[in-house]
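# Structural overview
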Amino acid sequence: MYIHKEKSERHVLTLTVDNEAGTLARIAGMFTARGYNIDSLTVADVTEDRSTSRITIVTNGPPATIEQIIAQCERLVPVHKVTDLTEEGPHVERELALVKVTGTGDNRIEAIRLADIYRARVIDATTKSFIFEITGSPEKIDTFLTLMREVGFVEVGRTGVAALMRGHMPS
Amino acid sequence: MTAKSGADILLNSLIEQGVDTIFGYPGGAVLPIYDALFKHPKIKHILVRHEAGAAHAAEGYARSTGKPGVVLVTSGPGATNAVTGIADAFMDSIPLVIITGQVPSTLIGSDAFQEADTVGITRHCTKHNYLVKDPDDLANVMKEAFYLATNGRPGPVLVDIPKDVQVADGANCDSSKNQKMRCDIPFEADFNDITKAMELLANAKAPILYTGGGIINSGPHASKALQELAQLSNAPVTSTLMGLGSLPAEDDKWLGMLGMHGTYEANMAMNQCDVMLCLGARFDDRVTGRLDAFSPNSYKIHVDIDRSSINKTVRVDLPIVADVGKAIDQMIKIWKSRKFTAANLDDWWARIKGWRAVECLNYPANKDEIMPQYAIERLYEATKDKSPIITTEVGQHQMWAAQHFHFQEPNKWLTSGGLGTMGYGMPAAIGAQIGNPDALVIDIAGEASIQMNIQELGTASQYRLPIKIFILNNQWMGMVRQWQELTFKSRYSESYSDSLPDFVALAKAYGWEGIVIDHPDNLDEGIAQMLDYDGPVIVDCRVTQSANCFPMIPSGAAHTEMLLDNSTVSGEMDDEAKALV
């Protein structure tokens, strides 16, 4: 026998949750327990009194699974609202990455030239290395990393996606 | 307001919630709570013999009374032992509040004696859980815990309280302030959806009401309403294992249970219906059989209080998120106000009559050995006028009880459905007897399952609970053996119940009565003896070893591919079927 796999879709979900101990574990654990995927997850409190956090999860799965993921998230007591930005319509996604590159001579010059094209800023420099800060869509960062791999890439730290609906309405 | 210790605040909260019974077991990390309990005679504590027993007893109490069950156990092994019962309550949507002791907050994370990450371990088998770090939070947490356990889709809620929090004083003993009560309860179902559902039902040529445990959870009123809806619509009614008793089995609309060991008529009607109205059930794999062949031509309406149940396994055409009892009330109201009348269903009922004529629950007669089905039938005949509460363990005996014992009322049938927990029956019977002191409570058991929580014999002795345990003893883990016969060419790997105890001697050792029944001629007499005895009884009913539970939809088969008896069993299945549960 073989194990049947369905075609996946990428979805960006945002969750409004109570900022209390265990909330993140509850959500991340629910994904694991039910066999759902997390491509990236970001979380930070977003209200003045620090009572509420916003979580952005990038996940993938067949449409029926995405529907279940949303329903299962909503079922968790500290989760107040779940929005599927991919389903809701136009939205913006941004991610930040810090990229360390080492090299001398042509590689070093090429790295800084590419960084300029991609609007990455230098936030640390030695005579043999740079750290670039780059912000953009996950695809833009992926492409930048591909280029950096040719000119002395050492390591990268990525934040994962933060996302909002376009327009004046809250998501 | 004067300050009180965390333990006192906790007990005040329990009293405020109307709790009069707790099932528990003391230990180091809950001693302050037990000391406070000593001073609160209003709350009756039932001392079990193992924490799994406490959780199942609380489940039995909750299911038979409709009130939340309360469990009190210590940290570490106390909590982990209770986990099976908590997971069981989660799967079957039973309201429990579990209070666990924890090592002092200063020692959490240090691998202290009897420390376990209780909130971590129970996170995915509770509806919600808490680690309370400040006695000032306790009153609010307890109030929310009871609210969550009993509102929306019911379930277990756990509150983990470190020992220092039990001892320290809290100033806030008032739970009325700052209460968040985070539980989304669906409002009344949408008027248009309900109207559409009733239009479909009224115009259906082959409707069916597929009901589940949600009806029981919604309260006795929902069962009454279901009866009325069935009368109005003239639609046949089937139910899951969890929903037995919501429609009286003597009702002429009743088709019997559906699913893997359901009746031929129920499963055929599910397969052939044109409108399916699912009320408080969740299209479990035990019910649907092979998904792509499940009721292929029907319009499916699904009423469930939990949105995540909708479209989880079966895509439905009209989802309605609502409390099922309230939704049925709305349906009846609209049906009457719009003056709907049921379509002519003579053809549909004629087809059902044909399926009923198969008499799928028939079994071969046996003069020399007790057929287990016959034992259940005789037990039913002997007790039906006493409106008994029946609990079961898990396995063949459970399915035979579901098929051959007939339930006329809700809250009389307590069985582990979702999790399928062997060892559930006796502690559940104890809880049910505590909650219903005058009721006849019988645990229909198997000789293998009963041994899983056999220590609870002592609990029943201590509280003089006259529960009856009726063991269908066939010396096999019968359902395991049945699957080995169906799927693995009768290679009986570890399914024989070897070295069984002398159940009568065991009963006597605990101060119970013990009875052996080993011949069909003695069956009625033995049952009468059991019922006459004023106290707990174990009946060791020696049944024929070879009987298997039919009808059966094997794994991966459709409703139309039921096996009606042993002669249709091939003995081996392909890998696809072997891999299914």
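These figures come from a predicted structure and were not determined experimentally. (Residues numbered from 1 in each chain as written. Chains lettered and ligands numbered in written order. Predicted model: local features only at pLDDT ≥ 70, side-chain atom pairs only at ≥ 80, totals over all residues. Heavy atoms only, no water.)

Within chain A, the regular secondary structure consists of 5 helices and 9 strands. For chain A, the sequential pattern of α-helices and β-strands runs β-α-β-β-α-β-α-β-α-β-β-α-β-β. The principal-axis extents of the C-alpha atoms in chain A amount to approximately 55 × 55 × 30 Å. The buried share among the 171 residues of chain A stands at 40%. The contacts of chain A with a sequence gap of at least 6 include a subset with a gap of at least 24, amounting to 71%. For chain A, the exposed surface amounts to about 9,500 Å²; the carbon and sulfur share of it is 52%. (Helix = DSSP H or I, 4+ residues; strand = E, 2+ residues; numbered from the N terminus. Buried < 20%, exposed > 50% of the residue type's maximum accessible area, 1.4 Å probe, protein only. Contact = heavy atoms within 4.5 Å. Areas by Shrake-Rupley, 256 points an atom, 1.4 Å probe, with all protein chains shown as cover.)

With that settled, consider the confidence of the model for chain B. Per-chain confidence: chain B averages 95 in pLDDT, with 98% of residues scoring 70 or above. Reported confidences for the modelled complex are a pTM of 0.94 and an ipTM of 0.89. (pLDDT = per-residue confidence, 0-100.)

Counting from both sides, the interface comprises 20 residues of chain B and, opposite them, 20 residues of chain A. Of the roughly 1,800 Å² buried between chain B and chain A, counting both surfaces, carbon and sulfur atoms make up 47%. The largest share of the area that chain B buries against chain A comes from B:Arg123, B:Arg182 and B:Arg307, three residues that together contribute 31% of it. Summed over the shared surface of chain B and chain A, the number is 3 salt bridges. A salt bridge links A:Arg75 to B:Asp306; the shortest N-O distance between them is 2.9 Å. Where chain B meets chain A, there are 6 residue pairs in polar contact (both at pLDDT 80 or more). Going through the elements one at a time, β6 (128-131) and α22 (575-578) of chain B are the ones with two or more residues in the side of chain B that touches chain A. Tallied by class, the residues present in the side of chain B that touches chain A amount to 4 nonpolar, 5 polar and 11 charged. (Buried area = accessible area lost by both parts, 1.4 Å probe. Salt bridge = Lys/Arg side-chain N within 4 Å of Asp/Glu carboxyl O. Polar contact = N/O pair within 3.5 Å; in protein donor to acceptor, adjacent residues only side chain to side chain. Nonpolar A, V, L, I, M, F, W, Y, C, P; charged D, E, K, R; others polar.)

All names here are of chain A. A complete count under the given rule lists 1 cavity of 30 Å³ or more for this structure. In this structure, the largest cavity encloses a volume near 30 Å³. In terms of lining, the largest cavity is formed by Val101, Thr102, Gly103, Asn107, Arg108, Ala111, Lys128, Ser129, Phe130 and Val151. Broken down by secondary-structure element, the contributors of at least two residues to the lining of the largest cavity are β5 (91-102), α4 (106-117) and β7 (129-136). If you tally residues by element for the lining of the largest cavity, the top one is α4, at 3 residues. Of the residues in the lining of the largest cavity, the class split is 4 nonpolar, 4 polar and 2 charged. (1 Å grid on protein atoms, 1.4 Å probe; cavity = no way out; pocket = protein on both sides within 12 Å on 5 of 7 lines; lining within 4 Å. Points joined across faces, edges and corners; volume = space filled by probe spheres on them.)

All names here are of chain B. Mapped onto the elements, Val321 comes out in strand β14 (residues 318-321). The class for Val321 is partly exposed, based on a relative accessible area of 33%. As for Val321 and Leu500, which are separated by 179 residues in sequence, their C-alpha atoms are 49 Å apart. The residues touching Val321, leaving out its near neighbours within four places in the chain, are Pro186, Phe187, Asp304, Ile305, Arg307 and Ile310.

Let us look at the packing of aromatic side chains. Residues and elements named next belong to chain A. Counted by the stated rule, this structure contains 14 aromatic pairs over all chains. For the ring pair Phe132 and Phe144, a centre distance of 6.1 Å and an interplane angle of 80° mean the geometry is edge-to-face. You can see Phe132 sitting in strand β7 and its partner Phe144 sitting in helix α5 (residues 138-149), a full 12 residues away along the chain. The pair Phe132 / Phe144 is uniform in exposure class, with both members buried. (Phe/Tyr/Trp six-rings, centres within 6.5 Å; stacked < 30°, edge-to-face > 60°.)

This paragraph deals with the sheet that holds strand β11 (residues 254-257) of chain B. Residues and elements named next belong to chain B. Sheet architecture is open: 6 strands sit in the order β11-β10-β9-β12-β13-β14, paired in parallel fashion. Of all the strands in the sheet, just β11 and β14 have a single pairing partner and so form its edges. Strand-to-strand, the axes of this sheet are offset by a mean angle of 15°, without reference to chain direction. Strand direction decides the pairing type here: strand β10 (residues 237-239) and β11, joined by 2 bridges, are parallel. Looking at the pairing, Ser239 lines up with Met257 of β11. Most of the contacts of helix α11 (residues 264-272) go to β11, to which it runs at about 105°, and overall it touches β9 (207-211), β10, β11 and β12 (275-279). (Pairing = 2+ DSSP bridges. Axes fitted to C-alpha atoms, helices over the stretch in contact; angles between N-to-C directions.)

With that settled, the discussion passes to the packing of helix α8 (residues 191-203) of chain B against helix α13 (residues 324-337) of chain B. Residues and elements named next belong to chain B. Put simply, α8 and α13 touch, their axes get as near as 9 Å, and they point 65° apart. Taken as a pair, α8 and α13 cross one another with a handedness that is right-handed. Residues Phe191, Ile194, Thr195, Met198, Leu201 and Ala202 of α8 touch α13, and the partners they reach there are Ala327, Gln330, Met331, Ile334 and Trp335. (Left-handed = near helix turned anticlockwise from the far one by under 90°.)

Taking 1.5 Å per residue, 12 residues should reach 16 Å; α5(A) reaches 17 Å between its end C-alpha atoms and fits that length. Next to the buried residues of α5(A) lie β1 (9-18), β5, α4, β7 and β8 (153-158) of chain A. (Expected span 1.5 Å × (residues − 1).)

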